[in-house]
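Structural overview for review
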Amino acid sequence: MFQVVTAMLCGMKTWDDIEAFGEENLTWFRKFSDYAHGVPSHDTLARIVGLVDPDEFSLCFVRWCNDIQREKALETHHVAIDGKSLRGTYDYSKNKCLTHMVNAYSVDTGLVLGQLKTDFKSNEITLIPEILKLIKVKGRVISLDAMGCQRTIAKEIVERGGDYLMSVKSNQPRLHSLFESKFSFDKLAEYAAQAVEQEEVGKRGRKMVRTYFTVPFSQEYGDFAVDWKELKTLCIAVTYQKDNRELSGSMGIRYFISSKELSPSGFGQLCRGHWGIESMHWWLDVVMNEDESKIVYAHAAENLSRIRQMCMNFIKLVEMKGTLKRRQLKCALNTEFRERVLFGN
C-alpha cells in the first residue's frame with residue numbers, strides 16, 4: 001500500500017504505472033522495506049488494493065485526518081458535503097456508475113475529512129447522516145446541496161451543536177414555493193437594504209456580479225420552523241454573468257435555508273466556500289484523472305478514490321509556492337521533497 005500511495009502521490013495513475021514507478025525507485029523504497037522479492041506486479045497490486053476492507057480503510061482515513069488537524073492546530077469552521085460519481089466505473093449494461101462517493105471537505109483547510117461510498121447517487125441522502133457520524137459537527141457550519149436538504153439531516157446537525165446551510169430546490173416543494181412567491185427576481189428590490197453585491201472580472205473580460213440577500217425567518221412566512229429545526233435565516237443568491245462576446249448576460253437565482261443568523265456578507269462567504277468542494281472534485285479529475293480510471297476490481301475503485309484524497313491532503317499540507325500539480329511533479333523528481341511530504345520531515 002505504501003508503494004501505491006507514494007506512486008499516486010507522484011502522479012502515477014494505472015497499475016502498470018505504479019509497478020514501473022516501484023521498479024525505477026526500488027533503491028529508495030528499500031529504505032523502508034527490504035523488498036526481498038522485488039516490486040509487486042501490477043496484478044498483485046490490484047489484488048491487494050481490491051481486497052482491503054473499505055470500511056476499515058475509511059475509519060483509518062478519518063483518524064489520520066483528525067490527527068493531522070490536532071498536530072498542526074488546524075481549525076475547521078465550515079464543512080462542505082457533496083457527492084461525486086466516478087465516471088470511469090460507468091456500467092453501460094446497468095446504465096449507472098458503480099461507484100459514487102460522498103465527501104466531507106474542510107473549507108478552511110482544504111483537506112478532505114471523510115469519505116463514504118454508495119452504489120446509487122440517490123442513496124446520498126441516507127449516507128450523509130453516516131458521514132456526519134465520522135466528523136466533528138459541534139461549532140461548525142455544515143453546507144449541503146439540494147439533495148442533502150432533508151429535515152432529519154437538519155435536525156441531527158443542530159442537535160450535535162452545529163449549524164446547517166442547505167440549498168433549496170423543487171425536492172422540497174413547500175419551501176421552494178415560499179421562496180418563489182416571496183423572493184422572485186421582481187420582488188428582490190424590496191430587500192436591497194439586506195443585500196451585499198460583489199463584482200468579479202475574470203479572464204478574457206468575463207464579468208460576474210453576485211448579490212447575496214438574507215432575511216430573518218419569522219412566522220409570517222409559515223410554520224416551517226416546526227419541520228426545520230432552529231430555522232433562522234432565508235438566503236438568496238443572485239448571479240449575473242456576461243462574456244465580453246455576448247450582447248447581454250444571463251441571470252440565475254438560488255435559495256438556501258440556515259439555522260445560523262447570517263448577514264449577507266456572512267452568507268456570501270459560506271456560499272463561495274462551498275464551491276471549494278467542487279474545486280477539489282476538479283483537481284481529482286484533471287490532475288489525478290479520477291474520472292478516466294476504469295478500475296472496478298473488488299473494492300479497488302473505492303480504495304483508490306480514498307488514496308487520491310490522501311495524496312491531495314499530503315500535497316496541500318506542504319509549504320511550497322506553485323500549483324498542486326507542480327508539487328506533485330516535484331514529489332516524483334525529488335526524493336528529499338517526497339519524504340518531507342510523506343513524513344513531514
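Look above for the structure.
This report concerns the structure included in the present document. Because the structure is predicted, anything quoted here is derived from the model rather than measured. The numbers attached to residues start from 1 for each chain and follow its sequence in the written order. Side-chain atom pairs in this predicted model are given and counted only at pLDDT of 80 or more, local residue features only at pLDDT of at least 70, and totals for whole chains, interfaces and linings cover all residues. By convention in this description, side-chain values take in all heavy atoms of the structure and omit both hydrogens and water.

The next subject is the packing of aromatic side chains. Stacked, edge-to-face and tilted labels apply to pairs of Phe, Tyr and Trp rings (six-membered ring for Trp) whose centres lie within 6.5 Å, assigned for plane angles under 30 degrees, over 60, and everything in between, in that order. All told, the structure shown has 18 aromatic pairs when counted by the stated rule. Ring centres 6.0 Å apart and planes at 80° place the aromatic pair Phe21 and Phe29 in the edge-to-face group. Aromatic pair Tyr212 and Phe267: ring centres 5.6 Å apart, planes at 90°, arrangement edge-to-face. Of the two residues, Tyr212 is situated in strand β9 (residues 207-216) and Phe267 in helix α10 (residues 264-274); the sequence distance between them amounts to 55 residues. In this structure Tyr212 comes out as buried when scored by relative accessible area, which is 1%. Under the scheme applied here, a residue whose accessible area is under 20% of the maximum for its type counts as buried, over 50% as exposed, and between as partly exposed, the area being computed with a 1.4 Å probe on protein chains only. Note on Phe267: relative accessible area 0%, which makes it buried. Cluster of aromatic residues (ring-pair linked, three or more members): Phe2, Phe21, Trp28, Phe29, Phe32, Tyr35 and Phe343. Remark: a charge is flagged as sitting over a ring if the NZ atom of Lys or the CZ atom of Arg is within 6 Å of the ring centre and within 35 degrees of the ring normal. Of note, Lys330 hangs over the ring of Phe337, and the distance from its end group to the ring centre comes to 4.9 Å. Across from the ring centre of Trp28, 4.5 Å away, lies the NZ or CZ of Arg338, which sits over that ring. Only DSSP runs of H or I reaching four residues or more are called helices, and only runs of E reaching two or more are called strands; each is numbered from the N terminus.

Of the positions making up helix α13 (residues 324-333), those classed as buried are Leu324, Arg327, Gln328 and Cys331. Along the long axis of α13, the arc covered by the buried residues comes to 100°, so they all point the same way. α13 presents Lys325, Arg326, Leu329 and Leu333 as exposed residues on the side facing more than 90 degrees away from its buried surface. Here, two residues are considered to be in contact whenever any of their heavy atoms come within 4.5 Å of each other. Looking at the buried positions of α13, the neighbouring elements they touch are α1 (2-9), α11 (276-286), α12 (300-317) and α14 (335-343). Read the arc as the range of directions from the helix axis to the C-beta atoms.

By salt bridge we mean one thing: a side-chain nitrogen of Lys or Arg within 4 Å of a carboxyl oxygen of Asp or Glu. Counted according to the given criterion, the structure contains nine salt bridges. Between Glu339 and Lys31 there is a salt bridge, with its nearest N and O atoms 2.6 Å apart. Residue Glu339 is found in helix α14, and its partner Lys31 is found in the loop between α3 (26-29) and α4 (42-51); the two are separated by 308 residues along the sequence. A residue is classified by how much of its surface remains accessible, and Glu339, at 17% relative accessible area, is buried.

For the rest of this paragraph, the subject is the nonpolar core. It is characteristic of soluble globular proteins that their nonpolar side chains tend to be buried jointly. As used here, the term nonpolar core means buried Ala, Val, Leu, Ile, Met, Phe, Trp, Tyr and Cys residues forming a set that is joined through side-chain atoms within 4.5 Å. Ranked by internal contacts, the top residues of the largest apolar core, which has 45 residues, are Val4, Met8, Leu9, Trp15, Trp283, Leu304 and Ile307. If one sorts the elements of this core by residue count, α12 sits on top with eight residues. Ranked by size, the runner-up nonpolar core spans 42 residues in total, among them Cys149, Ile157, Val168 and Tyr255.

Quick look at the pairing of strand β1 (residues 78-85) now. With eight of eight residues buried, β1 is to be regarded as a mostly interior element. Alternating residues of β1 divide into His78, Ala80, Asp82 and Lys84 and Val79, Ile81, Gly83 and Ser85, and every residue in both groups is buried. Pairing between strands is defined by DSSP: at least two bridges between them are needed. By the bridge criterion, four bridges tie β1 to strand β6 (residues 141-144) in an arrangement that is parallel. From the neighbouring strand, Ala80 faces β6, where its bridge partner is Ser143.

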